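Chain residues, written in single-letter form:
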Amino acid sequence: FTTWVKVNKETGKYEKNPCCETCAVPGTAAEDNWTWSPQGSVAMHLPERWGILQFSSSTSPKDDDVVLLEYKEWDVRCCAMALYYAQKGYSDKEGKYTDLIERLEPFFNEPFLLHSAAEVHVTLIGEEGFSATAKIGAFTATINQERYLVVSEDDVLSPSLTK
C-alpha cells in the first residue's frame, strides 16, 4: 500500500507521492485520484458530476422509515449541463457557439442529456459567449460558456394569498 504523501528523508517535509496505485498501470508516476462516487472525468472540480449524499440518524441500513429526499432541481441542472457540454463540443468542431438546438443534438451525451419535458433556449452573447436556459416545471437553470450555473424556482403563491 502506497500513500499519496510521503516524508522526504532529506528535508523532513511531506511531499506528494507520484506513485499511482489506482492507475491503469499501477506504480506509474502519475497523480492518484480517487473519489467515493464515479465522476466520469479526472477532474474533481466539476460539481455537476459529484454524487449526492444524504445523512440519516438511523443506525440500521435496512430502516424502512428512512425517506430518501428528492433533489427537485436535479433534472433541470442536468439539462443545463447538457446544453453546456453540447455547446463546448459544437464550438470545438465549428469554432463558434450556436443558438440552434438542432445543431447541438449530435453533441448531447451521457450522463447529461436533454430532458423530454424541458423548455430550452440559447442566446449568443457576442462572438465568444452564450447563455442557455432550461426550464422544467417550477425550476429554471441558466448556464453560460464559463459553466456559471444558476437555478431558480418560480415563486408560487399559496391559494390563500391570491384574489
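Calculation notes
Residues numbered from 1 in each chain as written. Predicted model: local features only at pLDDT ≥ 70, side-chain atom pairs only at ≥ 80, totals over all residues. Heavy atoms only, no water. Helix = DSSP H or I, 4+ residues; strand = E, 2+ residues; numbered from the N terminus. Buried < 20%, exposed > 50% of the residue type's maximum accessible area, 1.4 Å probe, protein only. Contact = heavy atoms within 4.5 Å. Phe/Tyr/Trp six-rings, centres within 6.5 Å; stacked < 30°, edge-to-face > 60°. Polar contact = N/O pair within 3.5 Å; in protein donor to acceptor, adjacent residues only side chain to side chain. Salt bridge = Lys/Arg side-chain N within 4 Å of Asp/Glu carboxyl O. 1 Å grid on protein atoms, 1.4 Å probe; cavity = no way out; pocket = protein on both sides within 12 Å on 5 of 7 lines; lining within 4 Å. Points joined across faces, edges and corners; volume = space filled by probe spheres on them. Pairing = 2+ DSSP bridges. Axes fitted to C-alpha atoms, helices over the stretch in contact; angles between N-to-C directions. pLDDT = per-residue confidence, 0-100.

### Structural notes on the overall build of the protein
At step 1: From N to C terminus, the protein includes 2 helices and 8 strands.
At step 2: From first element to last, N terminus to C terminus, the protein shows the α and β order β-β-β-β-α-α-β-β-β-β.
At step 3: When burial is assessed residue by residue, the protein has 26% of its 163 residues classed as buried.
At step 4: A fraction of 33% describes how many contacts in the protein between residues 6 or more apart in sequence connect residues 24 or more apart.

### Describing the packing of aromatic side chains
At step 1: On inspection of all chains with the given rule, the structure shows 5 aromatic pairs.
At step 2: Judged by centre distance (4.8 Å) and plane angle (65 degrees), the rings of Tyr 97 and Phe 130 are edge-to-face. Of this pair, Tyr 97 sits in the loop between helix H1 (74–94) and helix H2 (101–104) while Phe 130 is found in strand E6 (residues 129–136), placing the two residues 33 residues apart along the sequence. We note that Tyr 97, like Phe 130, is buried.
At step 3: Through pairs of rings, three or more aromatic residues link up here, namely Tyr 84, Tyr 85 and Phe 112.

### A few points about the environment of Thr 142
At step 1: Note that Thr 142 resides in strand E7 (residues 139–144).
At step 2: For Thr 142, a relative accessible area of 30% puts it in the partly exposed group.
At step 3: Residues Thr 142 and Leu 83 lie 59 residues apart in sequence; the distance between their C-alpha atoms is 9.7 Å.
At step 4: Every residue in contact with Thr 142, bar those within four places of it in the chain, is listed here: Ser 131, Ala 132, Thr 133, Tyr 148, Leu 149 and Val 150.
At step 5: Within the structure, the side chain of Thr 142 is placed 3.5 Å from the side chain of Thr 133, a separation counted as a polar contact.

### Here's the deal with the pattern of salt bridges
Side chains that carry opposite charge are capable of pairing whenever their charged atoms lie near each other.
At step 1: Evaluation of the coordinates by the stated rule reveals 2 salt bridges.
At step 2: Residues Arg 77 and Glu 73 are paired through a salt bridge, measuring 2.7 Å at the closest nitrogen-oxygen approach.
At step 3: For Arg 77, a relative accessible area of 26% corresponds to the partly exposed category.
At step 4: Classification of Glu 73 as buried rests on a relative accessible area of 18%.

### Examining the layout of surface pockets
At step 1: Roughly 200 Å³ of volume is contained in the largest pocket.
At step 2: Taken together, 13 residues line the largest pocket, and the ones lying closest to its centre are Pro 47, Glu 48, Trp 74, Arg 77 and Leu 149.
At step 3: Looking at which element gives the most residues to the lining of the largest pocket, the answer is H1, with 4 residues.

### Observations regarding the sheet that holds strand E8 (residues 149–153)
At step 1: Taken in spatial order, the 4 strands make up an open sheet running E5-E6-E7-E8, and their pairing is antiparallel. Looking at which strands have only one partner, the edges of the open sheet turn out to be strand E5 (119–125) and E8. Going from strand to strand, the sheet's axes swing by 15 degrees on average, the running direction of each strand aside.
At step 2: Note: E5 against E6, 7 bridges, orientation antiparallel.

### Concerning unusual backbone geometry
At step 1: A cis amide bond links Glu 110 with the next residue in sequence, Pro 111, at an omega value of 5 degrees.
At step 2: Within the secondary structure, Pro 111 is located in the loop between H2 and E5.
At step 3: Phi at Arg 147 takes a positive value of approximately 70 degrees, unusual for a residue other than glycine.
At step 4: Tracing the chain through its elements places Arg 147 in the loop between E7 and E8.

### Some remarks on the confidence of the model for the protein
At step 1: Across the protein, the average pLDDT comes to 82, with 72% of residues at or above 70.
At step 2: Taken element by element, the predicted model of the protein shows its lowest mean pLDDT in strand E3 (residues 19–20) (63) and its highest in E6 (98).

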